[in-house]
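Structural description and commentary
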Amino acid sequence: MSSVKDWAAPNPITENRGGLIGKGVDRYEGRLKVTGSAPYAYEVDAPSRPAIGYMATAAIAKGRIARIDTKAAEASPGVLLVWSHLNAPAQAPRGTRANPRSQRPSNPVLASDRIENFGQTVAFVVADTFENARAAANLVEIEYAAEPGVVDFVASLDQADQPPGEEDVHIGDFPAAYAAAPVSVDETYESPIQNHVQMEPCATTAWWDGDKVTVHTSIQMVKGGQHALAETLAIPSADVHLLTRYIGGGFGGKGQAYDDLILAALGARALGRPVKLAYTRQQMFHGTIHRPAVSMRVRLGAQPDGRLTAFAVEATTHCARNAIFTEHAANFSRNLYAAPNRLTGHRLVKMDLPGAGPMRAPGEAPGMLSLECAMDELAEKLGLDPIELRIRNEPEVDPETGKPFSVRQLVRCMREGAAHFGWERRKAQPRQVRDGRWLVGMGMAAAIRGNFLLPAKAGVRIDADGIITLRQGMTDIGTGTYTILAQIAAETMGVPMEQVKVEMGDSDFPPAPGSGGQFGAATAGSAAYDAGMNLRKALTELAVGDPNSPLYGGPAEYVTFENGNIAIENRSETLAALVARAAPEGVYVEGSISPAADARDYSQHTYGAHFAEVGVDVVTGEVRMRKMFGVFAAGRILNAKTAKSQITGGMIWGVGAALTESNVVDPRYGSFINQDMAGYLVPAHADIVDLDAVFLDEADDKANPMGIKGVGELGICGAGAAVANAIYNATGVRLRDYPMTPEKVLAGMLAVGL
């Protein structure tokens, strides 16, 4: 395993002789998508006419099926099969891991009469058309024996317990330091259930060829989906060929396999023909995971000069009773601000709701809605500017581990952001700026998101025509992975982008961990870079060892790759000429990446600072964005265009989290009230005006060979808190219950006499 010292040496990416790294390259697959030519999972061409599946779902939160009658559905026009728990094909018991090194266990569908949450699949119909399948599914008669379920998070907080295998982190003596602090804050902030609401619903097209199944599905993790299907069907992983070439959004909600994958494969096997199955928009809300609600208590104790002496962040969240997941909303705070006495931890409430799971920036997104507002509340008590308070608590080393930071430019983000945004215009006292019926205020918040590198592989091939093909079991969920991998391959090999072909999303390709956790670009990209370097070595050996090459006998260490040529000083030939002559069958190599042996010796993160200006209508309580700006430090930027798209998309999501986005549980059924895009409110174009972001120059040679980091989740971290702080600055109303809807804002203004 290499060390970070190796990564500090110059390489083709850091030298960037072709100028492709950092350039705002158009999306590799952009034309296919805008012309509707990119086949998503439900749209792929099957080898024969597919049948169409439809799921019937449970109408209670907890209990069992007392009676189910499928006769009418079976007799309905065009119906090919109807399954319930009474006749579903055998599947491996839940949790089975029979295949070696399996990344996911079995998760059978229609396995029993038990109901674990509203929206659980209780019957499956396959017919000749979607309309016939849906009509038949609605004819399935079900009677339930309902049982009392836990579906109210706030009412169940007293049932919270420590997550399995976790302990609170204590540093110093927080209780004593907090009690002795002359200035303190002790507040609790609430953030609600949120749903991913990807444009593309989860969907699968499946068919069999003998004992082997091919599935095109919408999933972020190729190997995870392949293994989950293999385990559930009790077949070898090698008998599952999973493809996920184009994905219409994921945000963490497609990080796991769902019932569509299992049922489509089972249905195709039973019928001997391809089967397509997609969740409806309404089914997506209950049949897939969501971000859980979080109740977060923040306690800060400080000296009059603003130095934190006591720091506690404690989060309570919830999960499905039989699918443990903890929203680690306190973890980020362990690395953000200095304080000698610290307490962080989590509590978990098990509930009878659909599964909770990761959603863009899991942990940081709800967590920073709390801490970054608490810091502003403390700043006001101290009479300090919010930025100054944060700077005074800037740590020299990681506050929890004591490790040095790889690169940390948080203070620079805040200072440069303040200068660009016009922070000096902010009035420290609330309610000082008015524009007609609008109260105007400014707010800011810091941003942090951990940086990760996971093991990955990639394969690269050059053919006799000089075309370089990169293959990797990676995914692109709309973030630009196709594009940045093409840039990395082109820059590494010294060829134009037009000479590179990228193929991804196939379980037969060298494995990568997939898209998620903000680790995708660094992980997949580093493996692609390593494969490219291995190809350079192979081509160098080919050229200097070929008597017919102008490079024959030359020193290998002087070989360069540029403009599609391989050269030693003034001797050169095209890569295509070399391969066509010396290796007409082409040259294929693989590369890999793993964390450096000493990577854990450093604290690695991405950082940023958000600035927001809002107007609040004194009559209605409506909040309107007037301006938003962010400055971010996230390693070397691979593509200026896609990186900015990702970071500003996260900022917009943060605005939604602050102002509109939530879901409420109906206590009668354990169902979410909002089940479509009409009721689940996210910002529209008219809601977002004058929003911009910039990146600081940065290269983190402790992160990976290219010095890059992820940007997909950093943009949402802290964004909502900047909006909340701006609302307070405008109105003097401090709300701690997200989202900050007009009703809540208006009630707060009335309470303070506005």
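See the structure printed just above.
Quick notes on the rules
- Residues numbered from 1 in each chain as written.
- Predicted model: local features only at pLDDT ≥ 70, side-chain atom pairs only at ≥ 80, totals over all residues.
- Heavy atoms only, no water.
- Pairing = 2+ DSSP bridges.
- Helix = DSSP H or I, 4+ residues; strand = E, 2+ residues; numbered from the N terminus.
- Contact = heavy atoms within 4.5 Å.
- Axes fitted to C-alpha atoms, helices over the stretch in contact; angles between N-to-C directions.
- Buried < 20%, exposed > 50% of the residue type's maximum accessible area, 1.4 Å probe, protein only.
- Arc of directions from axis to C-beta.
- Polar contact = N/O pair within 3.5 Å; in protein donor to acceptor, adjacent residues only side chain to side chain.
- Left-handed = near helix turned anticlockwise from the far one by under 90°.
- Nonpolar A, V, L, I, M, F, W, Y, C, P; charged D, E, K, R; others polar.
- Core = buried A, V, L, I, M, F, W, Y, C linked by side-chain atoms within 4.5 Å.
- Phe/Tyr/Trp six-rings, centres within 6.5 Å; stacked < 30°, edge-to-face > 60°.
- Lys NZ or Arg CZ within 6 Å of the ring centre and 35° of its normal.

Quick look at the sheet that holds strand E17 (residues 438–450) now. An order of E16-E17-E25-E26-E29 is seen for the five strands of this open sheet, with the pairing classed as mixed. One side of each edge strand has no neighbouring strand; the edge strands of this open sheet are strand E16 (434–435) and strand E29 (691–695). Of the pairings in the sheet, the one linking strand E25 (residues 605–617) to strand E26 (residues 623–633) comprises 10 bridges and is antiparallel in character. Note on E26: the bridge partner recorded for Gly615 is Arg624. Across the face of the sheet, helix H12 (residues 410–421) comes into contact with E17, E25 and E26 while running at roughly 30° to E25. Contacts from helix H17 (residues 719–731) reach E17, E25 and E26 within the one sheet, and its direction differs from that of E17 by about 155°.

This part covers helix H15 (residues 575–582). Because an α-helix completes one turn every 3.6 residues, residues spaced three or four positions apart along the sequence face the same direction. Looking only at H15, the buried set comprises Leu575, Leu578 and Val579. Along the axis of H15, the buried residues cluster in a sector spanning 90°; they form a single face. Considering only its buried residues, H15 is in contact with strand E18 (456–462), helix H13 (481–493), helix H14 (520–544), strand E21 (560–562), strand E22 (565–568) and strand E23 (571–574).

What you tend to see is this: most non-glycine residues have negative phi, and most peptide bonds are trans. Here the bond from Tyr738 into Pro739 is cis, since omega is -5°, no more than 30 degrees from zero. Note that Pro739 resides in the loop between H17 and helix H18 (742–751). At Leu110, a position not held by glycine, the phi torsion is positive, near 55°. Along the chain, Leu110 falls in the loop between strand E3 (79–83) and strand E4 (114–115). Residue class for Leu110 comes out buried when judged on its relative accessible area of 8%. Phi at Val197 takes a positive value of approximately 50°, unusual for a residue other than glycine. Within the secondary structure, Val197 is located in the loop between strand E8 (183–191) and strand E9 (203–209).

A few words on the side chain of Arg334. By the secondary structure assignment, Arg334 is in the loop between strand E14 (308–320) and strand E15 (341–351). Relative accessible area serves as the criterion here: at 14%, Arg334 is assigned to the buried category. There is a polar contact of 3.0 Å between the side chain of Arg334 and the side chain of Asn331. At 2.7 Å, the side chain of Arg334 forms a polar contact with the side chain of Thr344. If we ignore the near neighbours within four places in the chain, the residues touching Arg334 are Val169, Arg342, Thr344, Gly345, His346, Asp398, Pro399 and Glu400.

Bringing the packing of helix H10 (residues 364–382) against H17 into the picture now. In the contact formed by H10 and H17, the axes pass within 8 Å of each other and the chain directions differ by 35°. Crossing of H10 against H17: the hand is right-handed. Contacts between H10 and H17 involve Met368, Leu369, Glu372, Cys373, Asp376 and Glu380 from the former and Gly720, Ala721, Ala724, Asn725 and Tyr728 from the latter. Taken together, the residues of the contact of H10 with H17 sort by class into six nonpolar, two polar and three charged.

Leu300, Leu308, Leu371, Leu378 and Val723 are the most contacted members of the largest nonpolar core, which has 106 residues in total. A per-element tally of this core places H10 first, with 10 residues. If near-sequence neighbours (up to four positions away) are discounted, Leu378 is found in contact with Val183, Val185, Leu300, Ala302, Leu308 and Leu389. Judged by nonpolar contacts, the second largest core, of 57 residues, contains Met493, Val500, Leu535 and Ala596.

This part is about the packing of aromatic side chains. In this structure the tally under the stated criterion is 12 aromatic pairs. Both rings, one in Tyr246 and one in Tyr482, keep their centres 5.8 Å apart while their planes meet at 25°; by these two values the pair is stacked. Of this pair, Tyr246 sits in the loop between strand E11 (240–243) and helix H8 (259–271) while Tyr482 is found in helix H13, placing the two residues 236 residues apart along the sequence. On the basis of relative accessible area, Tyr246 is assigned to the buried category, the value being 14%. An aromatic cluster of at least three residues, connected via ring pairs, comprises Tyr28, Tyr40, Tyr246 and Tyr482. Sitting over the ring of Tyr42, Lys276 keeps its end group 5.5 Å from the ring centre.

Tracing the backbone through its elements, the reader meets Leu410 in helix H12. Under the relative-accessibility criterion, Leu410 is labelled buried at 0%. A C-alpha to C-alpha distance of 41 Å links Leu410 and Gln282, two positions 128 residues apart in sequence. Not counting residues within four places of it along the chain, the set of residues in contact with Leu410 comprises Leu336, Glu394, Ala446, Ala447, Tyr607 and Gly608.

Moving on, we get to the sheet that holds E11. Within the open sheet, the seven strands sit side by side as E3-E5-E1-E12-E9-E10-E11. Their pairing is mixed. Edge positions in the sheet fall to E3 and E11, since each of these pairs with one other strand and no more. Neighbouring strand axes in the sheet, compared pairwise and without regard to direction, differ in orientation by 20° on average. Helix H7 (residues 222–233) contacts E9, strand E10 (212–217) and E11 of the sheet and is inclined by roughly 145° relative to E11. Against the sheet, H8 makes contact with strand E1 (51–57), E3, strand E5 (121–127), E9, E10, E11 and strand E12 (275–278), and its axis sits at roughly 30° relative to E9, the strand it touches most.

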